[in-house]
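Survey of secondary and tertiary structure
Each chain is listed here by its residues.
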Amino acid sequence: MILVVEQILNGAQFGLTLFLLAAGLTLIFGIMGVVHLAHGSLYMLGAYAGAMVMTMTSSFLLAILAALSFSFILGLAIEYLMMRRLCARDHLVHVLATFGLVLFFNGLVAFGVGRAPVFMNGPQELNGFVLIMQDLPYPLYRLVVMGVGLVVALLLWWMMAHTRLGMLIRAGSLQREMVAALGVNIDQLFLIVFALGALLAGLAGVMIGPIRSVQIGMGEQVLILTFVVIVVGGIGSIRGAFIGALLVGMSDTLGRAFAPSLLKLWLSHSQADAMGSALSSILVYVVMAIVLIVRPRGLCPIEE
Amino acid sequence: MKREGWGTCLVWGCFILLPFIAQAMGSMYIVTLATRIAILAMVALSLDLLVGWSGLVSFGHAAYFGLGGYVVAISSFHEQDGTTLFGFAGSHEALIVWPLAILVSAIFASVIGVLSLRTRGVYFIMITLAFAQMLYYFFVALKIYGGDDGLALPARNVIAGYKITDARLYYFLCLGLLACVWWGLGRVVHARFGYVLRGAKISERRMKALGFDVNLYHLTAFVISGALAGLGGALWVNLDRFVAPDMLSWTRSGNFLVMIILGGSGTLLGPVVGAALYIILETKLAALSDYWQIVFGPLVIAVALFLPRGLWAYVRERLS
């Protein structure tokens with residue numbers, strides 16, 4: 001029982017981190033219509049920026065600030081220099097250009113920091129444990145990560161539902177040309193959305209830094225899962241990203257934790273281990289395939 | 001058409017003369033490199049049937065490439081081991097194993113194709129990626145066949161009992177098969193079948209209104225494309241004598257797409273030029289520096305920004 005609660009919490013924490021990445025990416029996808037493979041790189045660079053500032057100043061607040069501003073500025077630059085010219089082009093060209101960007105950033109980090117993983121200390125004040133249930137101490141830091149995810153979700157919901165910017169974003173994801181024709185500066189809107197997405201990716205990176213090691217390739221791993229999230233949720237929908245992120249985070253974490261032991265009910269020990277590990281890594285993609293086959297436009301499609 | 005012929009002659013001339021130049025330079029390494037190019041060009045060509053000619057961007061093509069490779073390696077493994085898999089005792093006879101690789105890839109492609117082709121656009125990109133990832137993790141978890149560490153091939157497949165040890169002979173074999181694929185796909189895209197695909201790329205609705213079962217055409221293209229990638233995988237594993245889940249990784253699927261776009265999609269020569277360019281650049285830059293990606297990345301971006309239809313299309317336009 002305790003194990004189940006703990007794994008559910010882990011799943012929620014992973015899901016909420018995925019949400020930070022997916023929220024930005026789903027807006028970029030939905031509004032600008034670009035396939036953005038370098039979103040994971042921004043996550044990686046945010047984590048690196050945070051880790052470096054953390055080792056230099058040992059202030060977590062500064063680390064977060066550094067990661068946020070770094071990824072935000074990078075997002076502005078990428079949009080202004082590259083994405084702007086690619087928007088109107090084919091998906092294929094987006095894949096090519098952002099793939100090049102991924103290579104470039106990986107090379108840059110290898111050159112500047114080295115290929116060895118970097119370890120990032122968490123903030124001293126959040127090092128403790130919280131007793132959630134009897135006999136279940138849970139790391140405080142992970143709870144904070146969940147809290148950040150929830151706060152961002154609330155803020156994004158507020159922004160989308162109650163601000164002019166949110167209204168323009170919603171309108172833009174449905175009728176881009178119409179919004180432009182009404183006199184809205186669409187270039188500026190794209191710039192804001194893209195940089196906001198980059199900022200959230202950087203935030204996810206710096207928050208996850210103390211939990212997982214910071215290394216080259218961390219972005220690519222999480223990028224694919226992020227794609228799964230937004231496709232499951234429905235491209236362009238923040239609500240869909242939230243549901244999808246929790247679904248993917250939960251099924252991944254719970255699958256890894258329980259698939260082998262569940263299979264042991266029917267199979268021999270070694271078979272169950274082998275099958276279980278295969279099953280749990282595949283589970284997320286099975287979920288996605290099922291969702292797409294049943295609802296080809298995701299769980300919360302944006303209405304046409 | 002005339003320019004196309006000129007480029008074709010140049011590319012094939014290079015391919016055929018290369019081993020002799022390599023011999024004159026005394027570097028057999030170049031032959032291995034050229035074999036790599038020939039195999040990857042075959043896979044890129046097959047993917048372009050979907051991407052360039054049909055407008056279906058599949059982001060999971062490495063899956064069929066890897067499946068073909070695993071069929072070869074697993075067959076050899078059972079032959080060596082004396083065990084059986086589904087009653088199949090394994091073999092390292094190319095005339096059995098390679099068609100089997102093609103068949104297995106085609107079967108997987110037909111199942112994945114039926115499910116994926118329900119979606120279009122970005123959703124299609126993602127669902128093909130998801131299926132490829134499933135197979136990738138499946139092979140990672142398959143501990144009998146090495147799991148993450150991969151599986152070594154005890155020896156290269158024999159063809160009708162004949163061992164191919166000479167690198168140049170193997171190169172010409174791959175080149176011959178590439179020529180077959182090239183010729184075959186050339187026939188396909190200029191036949192009625194190809195025109196239907198091209199029509200559906202521009203307007204699926206109109207082709208349907210004309211009475212074509214577009215889905216069936218797309219599925220056929222998907223299966224052909226997967227099957228040929230399986231053949232490519234079989235050849236690749238025979239070259240390296242090693243297979244690992246890395247063959248199915250999404251970065252490899254990305255690489256195939258980059259090759260196509262680099263050369264120019266929707267042409268026969270483009271994917272071949274792209275594959276050659278990609279491999280040559282990667283090898284040259286990696287030899288220069290460990291941090292070759294810093295140069296290679298921006299180069300790829302520059303192609304995307306300034307030559308969106310690929311190098312070959314650009315050259316062709318400049319010439320005419």
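Residues numbered from 1 in each chain as written. Chains lettered and ligands numbered in written order. Predicted model: local features only at pLDDT ≥ 70, side-chain atom pairs only at ≥ 80, totals over all residues.

**So, the overall build of chain B**
- Secondary structure assignment for chain B yields 13 helices and four strands.
- Taken over C-alpha atoms, the radius of gyration comes to 19 Å for chain B, in line with the 20 Å a tight globule of 320 residues would show.
- Each principal axis of the C-alpha atoms in chain B carries an extent, and together these give about 55 × 50 × 40 Å.
- Buried residues in chain B amount to 49% of all 320 residues.
- Taking all contacts inside chain B whose residues are at least 6 apart in sequence as the whole, residues at least 24 apart take part in 78%. (Helix = DSSP H or I, 4+ residues; strand = E, 2+ residues; numbered from the N terminus. Rg over C-alpha atoms; globule rule 2.2 N^0.38 Å. Buried ≥ 20, exposed ≤ 12 C-beta atoms within 10 Å, placed from the backbone. Contact = placed C-beta atoms within 7 Å.)

**So, the overall build of chain A**
- Broken down by element type, chain A carries eleven helices and two strands.
- Principal-axis analysis of the C-alpha atoms gives chain A an extent of 65 × 50 × 35 Å.
- Split into buried and exposed, the 304 residues of chain A put 52% on the buried side.
- The contacts of chain A with a sequence gap of at least 6 include a subset with a gap of at least 24, amounting to 78%.

**Let's talk about the nonpolar core**
- Ranked by size, the top nonpolar core spans 220 residues in total, and within it L96, V228 and M288 of chain A together with A41 of chain B carry the most contacts.
- Once residues within four sequence positions are removed from consideration, L96 of chain A is found in contact with V258, I261, V300, V303 and A304 of chain B. (Core = buried A, V, L, I, M, F, W, Y, C linked by C-beta atoms within 7 Å.)

**Overview of helix α7 (residues 192-202) of chain B**
Residues and elements named next belong to chain B.
- Every buried residue belonging to α7 is among V196, L197 and A200, and all of these are buried. Angularly, the buried residues of α7 cover 100 degrees about the axis, an arc narrow enough to put them on a single face.
- Those residues of α7 that are buried are in contact with α2 (29-54), α8 (204-209) and α9 (214-240). (Arc of directions from axis to C-beta.)

**Quick notes on the interface of chain B and chain A**
- Listed by partner, the interface residues are 41 residues for chain B and 39 residues for chain A.
- Of all the secondary-structure elements, those providing two or more residues to the side of chain B that touches chain A are α5 (121-141), α10 (250-263) and α12 (293-306) of chain B.
- Split by residue class, the side of chain B that touches chain A holds 32 nonpolar, seven polar and two charged. (Nonpolar A, V, L, I, M, F, W, Y, C, P; charged D, E, K, R; others polar.)

**Topic: α10 of chain B**
Residue and element names in this part refer to chain B.
- With 14 residues, α10 extends 20 Å from end C-alpha to end C-alpha; this agrees with the ideal 20 Å at 1.5 Å per step.
- α10 sits mainly inside the fold: 13 of its 14 residues count as buried.
- After α10 finishes, the residue G264 shows a positive phi value of roughly 130 degrees. (Expected span 1.5 Å × (residues − 1).)

**Section: the pairing of strand β2 (residues 136-139) of chain A**
Residue and element names in this part refer to chain A.
- Across four bridges, strand β1 (residues 129-133) lies against β2 in antiparallel orientation. For M133, the partnering residue across the bridge sits in β2 and is L136.
- Remark: two residues form the turn of the hairpin made by β1 and β2, two consecutive strands paired antiparallel; D135 in that turn has positive phi of roughly 65 degrees. (Pairing = 2+ DSSP bridges.)

**Quick notes on the confidence of the model for chain B**
All names here are of chain B.
- Confidence in the prediction for chain B averages 86 pLDDT; 98% of positions are at 70 or higher.
- When mean pLDDT is compared element by element in chain B, α9 scores highest at 93, while helix α1 (residues 2-25) scores lowest at 77.
- Among the scores for the predicted complex, ipTM is 0.81 and pTM is 0.86. (pLDDT = per-residue confidence, 0-100.)

**Digging into the environment of V189 of chain B**
- Position of V189 of chain B relative to the elements: it lies in helix α6 (residues 167-189).
- As for V189 of chain B and L257 of chain B, which are separated by 68 residues in sequence, their C-alpha atoms are 19 Å apart.

**Some thoughts on the packing of helix α2 (residues 39-57) of chain A against helix α9 (residues 218-233) of chain A**
All names here are of chain A.
- Relative to each other, α2 and α9 sit at 135 degrees, their axes nearing to 8 Å. One way to sum up the angle between α2 and α9 is to call them oblique. Considering only the axes of α2 and α9, their crossing is right-handed. Contact residues: H39, G40, S41, Y43, M44 and A47 in α2; M218, G219, E220, V222, L223 and T226 in α9.
- Here the residues of the contact of α2 with α9 are counted per class, giving six nonpolar, five polar and one charged. (Axes fitted to C-alpha atoms, helices over the stretch in contact; angles between N-to-C directions. Parallel < 35°, antiparallel > 145°, perpendicular 65-115°, else oblique. Left-handed = near helix turned anticlockwise from the far one by under 90°.)

**Some words on the environment of L9 of chain A**
- Along the polypeptide, L9 of chain A turns up in helix α1 (residues 2-32).
- Exposure remark for L9 of chain A: the 18 C-beta atoms within 10 Å place this residue in the partly exposed category.

**What about unusual backbone geometry?**
- Not every positive phi belongs to a glycine, and S58 of chain A is a case in point at roughly 45 degrees.
- Within the fold, S58 of chain A resides in the loop between α2 and α3 (60-86).
- For R241 of chain B, which is not glycine, the phi dihedral falls at a positive 55 degrees.
- According to the C-beta neighbour criterion, R241 of chain B is partly exposed, with 15 such atoms within 10 Å.

**Concerning the packing of helix α3 (residues 62-81) of chain B against α9 of chain B**
Residue and element names in this part refer to chain B.
- In the contact formed by α3 and α9, the axes pass within 6 Å of each other and the chain directions differ by 50 degrees. If you check the angle between α3 and α9, you find them oblique. Handedness of the crossing formed by α3 with α9: right-handed. On α9, the residues touching Y64, F65, G66, L67, G68, G69, V71, V72 and A73 of α3 are G226, A229, G230, L231, G232, G233, A234, W236, V237 and N238.
- Here the contact of α3 with α9 is built from residues that sort into eleven nonpolar, eight polar and no charged.

**So, the environment of V51 of chain B**
- Looking at the secondary structure, you find V51 of chain B in helix α2.
- Between the C-alpha atom of V51 of chain B and that of L257 of chain B, which follows or precedes it by 206 residues, the distance is 8.4 Å.
- The contacts of V51 of chain B, once residues within four sequence positions are left out, are L92 of chain A together with L56, V57, S58, L257, I260 and S265 of chain B.

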